[in-house]
Amino acid sequence: MKQHLLSRPEARKIILHAAGLSKRAQFGKGREAVFKVIDHLGFIQIDTNYVVERAHHHALASRVPDYKPEWLQELQEDGRIYEFLTADSGFLPMHNFRYSLPVKQGFLAGRKPLTTAETNLMNRVLDRIAREGPLMVKDFENDRQEPSAGWWDWRPSKMALERLYLEGSLMATRTKEFLKVYDLPKNIVPPDIDTTVPTPEEYARHVIRRELTALGIAYAKELAWRTRRVKDNLVKKELARMVEEGEVSPVAIDGLKTAPLFMLPEYKNKKIQLSGDAFILSPFDVLNVFRHRLRDFFDFDYQIECFVPEAKRKYGYFSLPVLVGDTFVARMDAKADRKQRVLIVHNLHFEPVKLNEETVDQVADAIKAFAAFNRCQEISITKSNSRQYLKGIRNSL
C-alpha cells in the first residue's frame, strides 16, 4: 500500500490529537471525561513518585479541567476501570479486561519454578482472601526472616500477593493513600464483562488499534512495546495484514528518514485544529514515553533525570515538559512542599525557541494551575536560564 505523506506539523497535530492534547478539555469535563480519557488512551501509567502529584493524576489533570483525584477511585469502585501491569502498571478500561488475560498467562508461563514453601504460602494467602475478603500487605504478619536488602526485597507474603496478582488469581484496587488492596477477580470484575481469552491474532490486533489510537502515529516497535510479556505476540505479522486490509495506513514524513510509520486511516482527511493551550506534562505522560518520538517529531530531546546520577543531571531530578500548542517551550524541575503549601520550581529551563509575551503569560498561568492542582498556595522559582522570560513569569504570577 502507498505511504501517506505528511509534513512534520501535520504529524504533530495527529499525535497531539491522539494524545488528547489538541485543546484543553478535549474529552469534556467531570468524572465522565476521566473515563473517556482512559478509554481512549487505553492505559494511564501509574507511578509512585510523589515529588509532585502522582503521574496518573497528573496525566488526567492535564486533560480534564478541575480534575478531582477521587474520581479515579470512584471509577474503580464502579467497576469501570481496573489496574494491571503490561510494560508498566496502569489503569485500563474494564470492558477490555479480556485482553489482560494473555499478559497474565505470560507472567505465569515465564515465572521461575516455585519451591513447595512458596506454593503453600500462595495457597494460604489466596484462601484467606477468599474467606475474609479484601486484604492489604499490612494484614499479613511480618514473615521476613532476614533484614530487607532494599526497595524490591519484598517479604514472602508480599511476594505471594504480587505473584497471585500478576498471574490473575488476585486483582488490586487502591486506597486514598495509594495502598494496594487485593481481592478475588469475581469481586471486582462486573458479571457482564467478557472474560474469554482472546486468540493471539485478536490480542495483537487489539494492541495495534489501542496503541495507534493513543499515539496517532507510531513505529512497529512502539506498537509491540506493551506486549513484551506475551510470547509470540504476532504484532508485526498482524500489522502487515491490517495494512493489506486497509485498517492501518503506512505513513511517511516529508523530509524525515525513519523506520516505517503507521496510523489509523481516519486521520488521512481529519481536520485538526490546535488551540495553542499550555500544558505542564508528567514525565510518564503517553506523549513523553518514547524519547525518540519527541526528537523525531518535536525536536525535543527529553529524559527524566530521577534515574540519572545527580552529577550528570542537566535540568533537575523531576523535570516536567512544558508544551504550548505543538512546541515544547520549557522544562520545569518542580517539587510540591505540601506542609508549607509551596510549589518549589528548582529550575525553569526554557528551550531555544523565541516566546512572545502572550506565550510567557500562558506558561505562567499553567504554573499557577499546576500549583493549585498540587494544593499549593504559593510558587517559588529558584533559577532559570532566561532572565527575560523569568521576569515575565514572575510579573504574571
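The structure under discussion appears in the preceding block.
Below you will find a few notes about this structure. Position labels on residues start from 1 in each chain and follow its written sequence. Totals for whole chains, interfaces and linings use every residue, but because this is a predicted model, local features are given only for residues with pLDDT of at least 70 and side-chain atom pairs only at 80 or more, for both listing and counting. With hydrogens and water excluded, all non-hydrogen atoms of the structure serve as input to the side-chain values.

Read across the sheet, five strands follow the order E10-E11-E12-E13-E14 without closing on themselves; strand pairing throughout is mixed. At either margin of the open sheet sits one strand with a lone partner, and together these are strand E10 (278–280) and strand E14 (378–381). Strand-to-strand twist of the sheet, defined as the mean angle between neighbouring strand axes without regard to direction, takes the value 30°. A strand pair is defined by DSSP finding two or more bridges across the two strands. Counting from the N terminus, the helices are DSSP H or I runs at least four residues long and the strands are E runs at least two residues long. Lines fitted to C-alpha atoms define the axes, with helix axes restricted to the stretch in contact, and inter-axis angles between N-to-C directions lie between 0 and 180 degrees.

When the charged atoms of two side chains with opposite charge come close together, those side chains can pair. Salt bridges, as used here, are contacts in which a Lys or Arg side-chain nitrogen is within 4 Å of a carboxyl oxygen on Asp or Glu. All chains considered together, the criterion is met by 30 salt bridges. Note that Asp299 and Arg8 form a salt bridge whose closest N and O atoms lie 3.3 Å from each other. With Asp299 in the loop between helix H11 (291–298) and strand E11 (319–324) and Arg8 in helix H1 (residues 8–18), the pair connects residues that are 291 residues apart, well separated along the chain. Relative accessible area serves as the criterion here: at 24%, Arg8 is assigned to the partly exposed category. For Arg241, the salt bridge is made with Glu238, and the minimal N-O distance between the two is 2.6 Å. Of this pair, Arg241 and Glu238 both sit in helix H10 (residues 235–245), three residues apart, which is roughly one turn of that helix. In this scheme, a residue with accessible area under 20% of its type's maximum is buried, one over 50% is exposed, and one in between is partly exposed, where area comes from a 1.4 Å probe on protein chains only. By relative accessible area, Glu238 is classed as buried at 2%. Ionic contacts of the salt-bridge type, sharing partners, join the residues Arg205, Arg209, Glu238, Arg241, Glu245 and Glu247 into one network.

This paragraph deals with the state of the cysteines. Only a pair of cysteine sulfur atoms within 2.5 Å qualifies as a disulfide here. Scanning the model with the defined rule gives zero disulfides in all. Between Cys306, a free cysteine, and Cys376, which holds the nearest cysteine sulfur, the sulfur-to-sulfur gap is 19 Å. Note on Cys376: relative accessible area 8%, which makes it buried.

Read across the open sheet, the four strands follow the order E1-E8-E9-E7; overall the sheet is mixed. Both edges of this open sheet fall to strand E1 (4–6) and strand E7 (217–219), since each of them pairs with a single strand only. The average undirected angle you get between the axes of adjacent strands in this sheet is 45°. Pairing between strand E8 (residues 249–253) and strand E9 (residues 256–263): four bridges, direction antiparallel. When the sheet's bridge partners are listed, Pro250 is paired in E9 with Phe262.

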